[in-house]
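Listed here are the chains, written in short residue letters.
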Amino acid sequence: MLVLLRTAKTTRGSCFAAVMAFICASLSATASPSICDRLAVELRHRKPSAWTQPLHEEGAAWPSLRFASDHAASKKYQQLSELPQVQAITMMPSLGLGTGPAMDRAGDLYELYDIGGTAHCEMLTFVQSSRKGEARPVSAPVITHTRSLCDGVEGRLARAFGTAVYVEYGPSGPEGDEEEYDLIPWNGTGWGKPCAVSVKHAHVLRLAESNCPIGVDCRPFESAATELVSAYVTYRANGFHRQEAFRSGPRAGPAASATALGYWDALRSAQGEGREYLAVTAWPVFDRPPADDYDHTFSPTGFRYYTTSIDHIDYAVGVGYAGYGWNESNQILVGYYRIGSDRLEPAAALAVRRAVSGSEVTVIQ
């Protein structure tokens, strides 16, 4: 409550000035939180399942953050796609390197972008244009924490809490448990102050599937796979990008190892020199094809192959995240194969789900 004590010398004008000064000071002290502050509050209340199995491409930020829809079918797209700056970002779709530019719209601001290449890199440009007006190039927003728009990092126009924004969303690095939302508002004539929300996840590993031939006890494989997957997750976070070899568990005998590696060399040779990561062993399904291929197919990106021993029997092992190409799901596949005299025979197939168990959300101004 505001109480004014009037004295004999106080005038109506000075009282009004005092009231306004008080109100302005109060408003300044309680200024509206930034978009990132508001987004962080929302993200801190998300259930772990919102991160593990997001309902929309915005991830757990939806519906607070909504990507703009593609307007490539509009008449405006026909006009803007002919601009030289837009032509410059097209990644030769005839060679399979790009899909041709897509277009997002937020008011009279347009983002045209193309995605292509093995790392799905994005090139983009911005244009401001009224419905019938001339097109004006807009400089790209300067994001404080610059990341390459590749390997799952997207740059999109969006709306956050009713405000038009440009957002870069995706993993903070090639490996690890952090992701980041970098946002910069659009005020109608230019870009505002950037901010970012960083999210670091804690995970828990849960056995999702265990498959063996009829009559085979899967429990020894389940026990070995639990230890293997835990070691693999650590390896991906630490030594993976240094191309260190990976293995887990007791070593197989020299003869069995040599035979298994011989099969691997044959697979690699069949794929051509320099393409060894495409020569993956199929995850065993034992004549029971799964409904979802994406979560049950080895991605070649992080696939590793080695030999081990379980209960004094030697096996070849394939381990890696499920997915297609460089795209990986949060499911880790393990396949065990008996080392026969002329082939590898599937022995067990296990899938371990890497689920988010908690998240730490931090605002970076």
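Residues numbered from 1 in each chain as written. Predicted model: local features only at pLDDT ≥ 70, side-chain atom pairs only at ≥ 80, totals over all residues. Heavy atoms only, no water.

Draft legend 1. View of the pattern of salt bridges. A full pass over the atoms with the stated rule returns seven salt bridges. Ionic pairing is found between Arg156 and Asp104, a salt bridge with its closest N-O pair at 2.6 Å. Highlighted residues: Arg156 in strand β6 (residues 154-160) and Asp104 in strand β2 (residues 102-106), separated in sequence by 52 residues. Take Arg156 and Asp104: they sit in the same class, and that class is buried. The salt bridge involving Arg353 is made with Asp295; its shortest N-O contact spans 3.2 Å. Within this pair, whereas Arg353 is found in strand β13 (residues 344-364), its partner Asp295 is found in the loop between α7 (254-271) and β10 (304-310), the two being separated by 58 residues in sequence. Each of Glu57, Asp104, Glu154 and Arg156 takes part in salt bridges that share partners, so that together they form one network. (Salt bridge = Lys/Arg side-chain N within 4 Å of Asp/Glu carboxyl O. Helix = DSSP H or I, 4+ residues; strand = E, 2+ residues; numbered from the N terminus. Buried < 20%, exposed > 50% of the residue type's maximum accessible area, 1.4 Å probe, protein only.)

Draft legend 2. A look at the state of the cysteines. Under the definition given, this model contains three disulfides. Disulfide partner of Cys36: Cys195, at an S-S distance of 2.0 Å. Linking Cys36 and Cys195, the disulfide has an S-S dihedral of approximately 85° and is accordingly described as right-handed. In this pair, Cys36 is assigned in helix α2 (residues 35-44) and Cys195 in strand β9 (residues 195-211), connecting sequence segments 159 residues apart. Of the two residues, Cys36 and Cys195, both sit in the buried class. Between the sulfur of Cys121 and that of Cys150 lies a disulfide, 1.9 Å long from S to S. For the disulfide bridge between Cys121 and Cys150, the dihedral angle about the S-S bond is near 115°, and by the sign convention the bridge is right-handed. Remark: Cys150 occurs in the loop between β5 (136-138) and β6 and Cys121 occurs in strand β4 (residues 121-128); sequence separation between them is 29 residues. Across the protein, the disulfide pattern expressed with sequentially numbered bonded cysteines is 1-4, 2-3, 5-6. (Disulfide = S-S within 2.5 Å.)

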